[in-house]
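# Structural overview
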Amino acid sequence: MMNKEYQEEGGEMGGGWMSCCSEHTHHWPKKMKKDFKMALLRKKEKMLEAKLAFVREMKDLFEKMPPEEMKEKEDAEEKE
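This structure is a prediction, so every number in the text was calculated from the model and none was measured.

### Concerning the overall build of the chain
- Check the secondary structure of the chain and you find four helices and zero strands.
- Beginning at the N terminus, the succession of helices and strands in the chain can be written as α-α-α-α.
- Burial analysis of the chain (80 residues in total) assigns 9% to the buried set.
- Accessible surface, the chain as shown: approximately 7300 Å² in total, 60% of it carbon and sulfur.

### Brief notes about helix H3 (residues 30-64)
- In this model, H3 (35 residues) spans 51 Å end to end at C-alpha, consistent with the 51 Å of a helix rising 1.5 Å per residue.
- For H3, every residue scored as buried is listed here: Leu40, Lys44 and Met47.

### Focus on the pattern of salt bridges
- Enumeration according to the criterion identifies one salt bridge in this entry.
- Residue Asp35 pairs with Lys31 through a salt bridge whose shortest N-O separation is 3.4 Å. Pair noted here: Asp35 and Lys31 are both in helix H3, with a separation of four residues, about one helical turn.
- By relative accessible area, which is 60% here, Lys31 ends up exposed.

### Considerations on helix H4 (residues 67-79)
- In a regular helix each residue adds 1.5 Å, so 13 residues correspond to 18 Å; H4 covers 19 Å between its end C-alpha atoms and thus fits that length.
- Across the 13 residues of H4, zero count as buried, placing the element largely on the outside.

### A look at a negative patch on the surface
- Residues Glu68, Glu69, Glu72, Glu74, Asp75, Glu77 and Glu78 make up a contiguous surface patch of negative charge.
- The residue Glu78 is located in helix H4 in this model.
- Overall, Glu78 belongs to the exposed group, its relative accessible area being 64%.

### Topic: a nonpolar patch on the surface
- Together, Phe54, Val55, Met58, Leu61 and Phe62 line one region of the surface with nonpolar side chains, adding up to about 480 Å² of accessible area.
- Its relative accessible area of 49% is what places Leu61 among the partly exposed residues.

### Describing the confidence of the model for the chain
- The predicted model of the chain has a mean per-residue pLDDT of 77, with 70% of residues at 70 or higher.
- Across the chain, element-level confidence peaks in H3 with a mean pLDDT of 94 and bottoms out in helix H1 (residues 2-9) with 51.

Cut-offs applied
- Starting afresh in each chain, residues are numbered from 1 along the sequence in its written order.
- Restriction of local features to residues with pLDDT of at least 70 applies here, the model being predicted, together with a cutoff of 80 or more for giving and counting side-chain atom pairs; totals for whole chains, interfaces and linings are based on all residues.
- Excluding hydrogens and water, the side-chain values take into account all heavy atoms of the structure.
- Counting from the N terminus, the helices are DSSP H or I runs at least four residues long and the strands are E runs at least two residues long.
- Accessible area is worked out with a 1.4 Å probe on protein chains only. A residue is then buried under 20% of its type maximum, exposed over 50%, and partly exposed in between.
- Here the open area of atoms and residues is found with the Shrake-Rupley method and a 1.4 Å probe, where only the protein chains shown may cover a residue.
- To estimate how far a helix should extend, the number of its residues minus one is multiplied by 1.5 Å.
- Between Lys or Arg on one side and Asp or Glu on the other, a salt bridge is scored when a side-chain nitrogen of the former is within 4 Å of a carboxyl oxygen of the latter.
- Residues with no salt bridge and a relative accessible area higher than 30% make up the patches, which join like charges within 9 Å and nonpolar side chains (Val, Leu, Ile, Met, Phe, Trp, Tyr) within 5 Å.
- For the purpose of counting charges, residues Lys and Arg are taken to be positive, whereas Asp and Glu are taken to be negative. His and the chain ends are not included.
- By convention, the charge on Lys lies at NZ, on Arg at CZ, on Asp at CG and on Glu at CD.
- Each residue carries a pLDDT score, the predictor's own confidence in it, on a scale running from 0 to 100.

Now the structure itself:
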């Protein structure tokens, strides 16, 4: 859900409101601008960490899955 909201705001890499705000922060004090950009980067870092955790969890699930189930799923996908 959070990923969908993030993609609507600006996609995977930059764009969206982040670049829009950067264009309009030129009149802000230097410290305030730096703090704002650091907060945006921390948010992006947390989102990437969450994605990585999800990918690792899915990988672990597939590694633990018995070979019979993998074969059944592959057969079902081929029939579609």
